[in-house]
Every structure is written in structure tokens, then in C-alpha cells.
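Residues per chain, in single letters:
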Amino acid sequence: MDFKTVGNEYRPVPFWSWNEKLSVPESIRQVDLMADAGIGGFFMHARGGLTPEYMGNEWFENVGACIDEAKKKGMHAWAYDENGWPSGFGGGKVNGKGEKFQQKYLRIKTFTPDLEDPRGPRVISCFENYCFYYDVNPFYVDTLDGEVIADFLHEIYEPYYEKYGTDFDGFFTDEPQLGNRGMRKYVVWTPGLEDKFRTEYGYELNLPSLFSGDTDADRLCRMQYYRLVAKLFRESYTAQISAWCRANGVESSGHLLFEENMNDHIETYGGDFLRVIGGMTIPGVDLLWVDPAHLMSENYIGSTVGIRYVASAAKNMGERRVMVEFNPNAANALSVEHPLLDCVGGVSLTRLLGTTDYNVINPQNDLTRADSEKLNLYVGRLNTLLEGMDEAGQVAVFYPIATVQALHDADSAHGSESGNKRSASDRLDSGFQALCRTLLQNDYLYSVLDDDSLCGATVANDGCLCVGAGAYRTVVVPFAQYISVDAVTRMVAFRQPGGPVIIVGDKPVHGTAAGNCTDTDGLQPQRADTPPLSTNTTQLTLWP
């Protein structure tokens, strides 16, 4: 092991902003400067201020020159798949093709039945004096429509492959979303969704339940609706892009938006975060705080909880690499006195929690050139040291997203936008995050298992519950009112030879199918002492 000559595959690969007039000689000069600074590669990232046409001839002249120079230097050249962010609109080419391609969302309004005729081209249905209709955001795309994302692939991905084949590493997609985070009385929509719901679940979608209602039927409808939305988002966006990349021999990476909070998972991509992100060949996470103190805190813009979600998603799918958008400059994250030490501490913590590939953003804003080079070398040496090593954590924590989906009504504020976190779903998420932090603070490295991954688990001869690249000796089920019968069956099989199942909060009672109840009596679970969800404490006792 040679720490003096660390390979570029272990070093940071930052976003390289293209935000002005481009020049091939200048682009080559900057690639050489990055190589001299110990940087392992770059993402060619269009940003505001770019003067040549995005994806035009001059753009690709510079892209080709930089890919060639990277090959000479042994560096890794990546394509960023958008002009700005969020990814998906193709610099305006995709959403500019008309309403079919543009983002939709469901709204509700009242009308007077005897005086008004609410019917119109975007009206879906009327109920009593309520009219349900969809509105259109012309500035973004319908990420639930697979044909729209196929057009995004055609406009952005295919030209790179036609010109450069596999001479570059792959594509980074940035914060694709549904667009309703923090919005009240607003539900994501795509035409035909009510028909898809009927086909998936065998009954009519009750639109009022999406906005309010606290009956079992209301909750079941919301849970199944958002499960379907997440499935459509995954199939249309991340799975389709990842399949295209695999078929063409390049990597797919990127990150979603607000990875830390389950309510944000629902509003941004329907929920089921682990399945949505896990299909990428290199799933990614965004960290706007990078110092250890903030990473270990209750923080919605970069925390250990977000890291473990993404690392778990990769592990569940059998992948080993996890990319982190590591941003020292955001949110005034670094101390004035010791910015390099804060970065080194953040790299050490995140690497041990499962990240492998470092996309360091704008370190020059807080670090000197000398300190930036030290950080680049440190990342490379740490990755060299840990190459090929696997996590030793044997605790699995169930992802109770179905319960959050059931509680998540559109009339209430939820997630990181809700401020005081009064909703039941916010209290659940706070309890879940507190549990996860407490595990880490007590030296238990955990992985998160979603319902689908748990359904596919096997029990090894030594009693371990095996999922993807993970093997677990303890399963914790926190605050989960809803869980599929198949997932319970897998846990019963794990419990029979003596595998401990710890339930935090109430036992699950609802299945994920209509009229379906779970029977957890066969688990004989150990119960954990836990505070009520209305509190926000990290003092959870898991093992008496």
C-alpha cells in the first residue's frame, strides 16, 4: 500500500462549473490545474452565466477536449445531465415540448352546484361542492411519465454516448423531484393516475382522502397512493436512467432532495426513498453541513441519518459505492479557526458511515490552495486504506415509510418545512431520527431495510437475516403501524431460530393491502422503552 502515490480513483472528483464563455485552451488549462492540485477528476456542470448554447457545438468541443485531457492525466471525466438543476428538463428542451411533458399537480376548489359548472379540460372529478382538477408548472417536467423521461434521455444522454461512447465515466443527475415539498392543499399528479390506482389496488381512488381524513380508509388510500407515486417515479426516472446507463456501459449517480426526513421523501418523490435511489450504480447523498458536530445533530440539510439512508439503499441492492456531494462552503458550515480539520473530521465520519466517492464542491471558498491539496490527499489515502473493506454493522432498522405515507395528508404542513413539527407524521420521523442517532452514539452501526428488501430477505444457517450485501443479527421495527404481511413472515422466519426483533412504539397492526392486517404474535418481540412521539428526545433505551 503506497500512500505517496494515491490513485485518482480514490481522490475527490468535484463539480466544475461552466458558467461563462468557453474556450478549449482554457478548459484544458483548468483540467491540468486540477490534476496538479491532486484532484481525481471532474463533473462538467453547466451553470448560470454559460454563454455558448447548452449541448451545442461549442459546448461539445469543450467536453471532448476535456475528456481527452482527462484520459492523458488518468483522471475521471463525468457529465452532469442538466443546465442547472433540478435535472430532467434538459435545459428547457423537454418541458418546452408542451403540456404533456410539463409537471402537474392536483388541486381542490369549492363551487356552488346550482350556480356554477366546474367542468373543464383539466377537471378530474367533482364531489359534493368540491372540484378536483390539475394545474401545470410549465418550467419543469412530469417525472411520473416514463415517455417524458425517455425524451430527456434522448435529448441529453444519447448525444454524449454518440460522441464519446464510454470514454467518460457516467452521468450525475441532480435533485429530480415531484415539486410539492412544503406545499399545502397540493398533491402531485399525472394524467391517468386514477386509472393506474384502480389497476394496482382494485378500487377507486378517493381524492378527498389525499387532502384530509383520519379514518382507516383515508389512511390506507393515502399510503397506497404514495406507494404508487413512488413506484412510478422510480420506474420513470431513476430506474429508466440507470438501466440506460448500464446498457451503455457508463455509471449512473446523483442525489435526490432532502434525504433526511421521511415527509420530504413523500413530497419530493412519493416515499420509498431506498428503492428510488438504490437503483443507481452509485447512489448519492447531499451534505450541506460537513463538520462532525452538525452531521451528528438533528439537521435536515446534511446528517448521519441521510448518509445511512443512502448507504443502506446501496447495500440492499448489493452495491458498494456511495457518492457524497460534500459542500464545505454551504450554510457557513466550517469554523473560522480550523476549516481543514472540520473537513477532515467530516470526511472521516462520512467515510466510516458508508460514503466512498467524494464530490467536493467549492473548497476554494473556505480553504487555502495548500489546505485543499491536503484534503484531496487525505480523501485519497483514506479510500486507499479502506478499499475492499465491508461494514461490520449487524443491526437492521425497518423503514416505516408506509406509516408516514398513511399519516401524510395534503391539508397539513409536514417535513422540514413544517417548523414546529406538530403533525403526527413529523413526530414519527423525529422519533425515528432520534433512534438512529442514538444507535450511532452508542456504537451500533445500523442499516435501514425497506419493506420490499425485507420481503426478499433470507435467513442463513447461522441465523443472520441476509439482504443484499448485508447480514443482520438484530432487527428493530420503530413506530411502524403499517407493514406488509410478507415482511412480517420474513421476520417470523428470522425470529424462529432466536433472532431478536425489537419493536419500538406500538406493534404493527395494518398490512399494506386493502383489508389486510398483520399478525406479529409470532415475533414474540422484545419491547423497547420509548418516549411518546410528542417529545423530541434522543434518550431511547433499546436493550434493557
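Up top you'll find the structure we're talking about.
Everything in this summary refers to the structure shown in the same document. The structure displayed is predicted, hence computed values, not measured ones.

1. Re the side chain of Ser 425
Reasoning step 1: Mapping Ser 425 onto the fold places it in helix α14 (residues 424–441).
Reasoning step 2: With residues up to four places along the chain from it excluded, the contact list for Ser 425 reads Asn 263, Val 404, Leu 407, His 408 and His 414.

2. Quick look at the nonpolar core
Reasoning step 1: Ranked by internal contacts, the top residues of the largest apolar core, which has 117 residues, are Phe 42, Trp 59, Tyr 160 and Tyr 225.
Reasoning step 2: With 11 residues, helix α6 (residues 216–247) is the largest single contributor of residues to this core.
Reasoning step 3: In contact with Trp 59, other than residues within four places in its own chain, are Trp 18, Leu 22, Ala 46, Leu 50, Glu 53, Tyr 54 and Tyr 160.
Reasoning step 4: By size, the runner-up hydrophobic cluster in this structure holds 19 residues, among which are Ala 396, Phe 398, Val 488 and Val 501.

3. Observations regarding the environment of Phe 233
Reasoning step 1: Tracing the sequence through the fold places Phe 233 in helix α6.
Reasoning step 2: Between the C-alpha atoms of Phe 233 and Gln 177, which are 56 residues apart in sequence, the distance is 8.6 Å.
Reasoning step 3: The residues contacting Phe 233, other than those within four sequence positions of it, are Thr 143, Leu 144, Pro 176, Gln 177, Leu 178, Thr 238, Leu 256, Tyr 269 and Val 276.

4. With respect to helix α10 (residues 304–316)
Reasoning step 1: Compared with the 18 Å implied by 1.5 Å per residue over 13 residues, the 18 Å span of α10 between its first and last C-alpha is a close match.
Reasoning step 2: Burial analysis of α10 places 13 of its 13 residues in the buried class, the great majority of the element.

5. Overview of the packing of aromatic side chains
Reasoning step 1: Considering all chains together, one arrives at 33 aromatic pairs under this definition.
Reasoning step 2: Measuring from ring centre to ring centre gives 5.7 Å for Phe 152 and Tyr 157, while their planes differ by 70°; the resulting arrangement is edge-to-face.
Reasoning step 3: Classification of Tyr 157 by relative accessible area gives buried; the value is 0%.
Reasoning step 4: Both rings, one in Tyr 160 and one in Tyr 164, keep their centres 6.5 Å apart while their planes meet at 55°; by these two values the pair is tilted. Linking Tyr 160 with Tyr 164, this pair stays in helix α3 (residues 146–164), spanning 4 residues, or about one helical turn. Tyr 164 carries the same exposure label as Tyr 160, and that label is buried.

6. Some points on the pairing of strand β5 (residues 123–127)
Reasoning step 1: Relative to strand β6 (residues 130–141), β5 runs antiparallel, the two sharing 4 bridges. Bridging across to β6, Val 123 finds its partner in Tyr 133.

Cut-off values and rules
- Residues numbered from 1 in each chain as written.
- Predicted model: local features only at pLDDT ≥ 70, side-chain atom pairs only at ≥ 80, totals over all residues.
- Heavy atoms only, no water.
- Helix = DSSP H or I, 4+ residues; strand = E, 2+ residues; numbered from the N terminus.
- Contact = heavy atoms within 4.5 Å.
- Core = buried A, V, L, I, M, F, W, Y, C linked by side-chain atoms within 4.5 Å.
- Buried < 20%, exposed > 50% of the residue type's maximum accessible area, 1.4 Å probe, protein only.
- Expected span 1.5 Å × (residues − 1).
- Phe/Tyr/Trp six-rings, centres within 6.5 Å; stacked < 30°, edge-to-face > 60°.
- Pairing = 2+ DSSP bridges.

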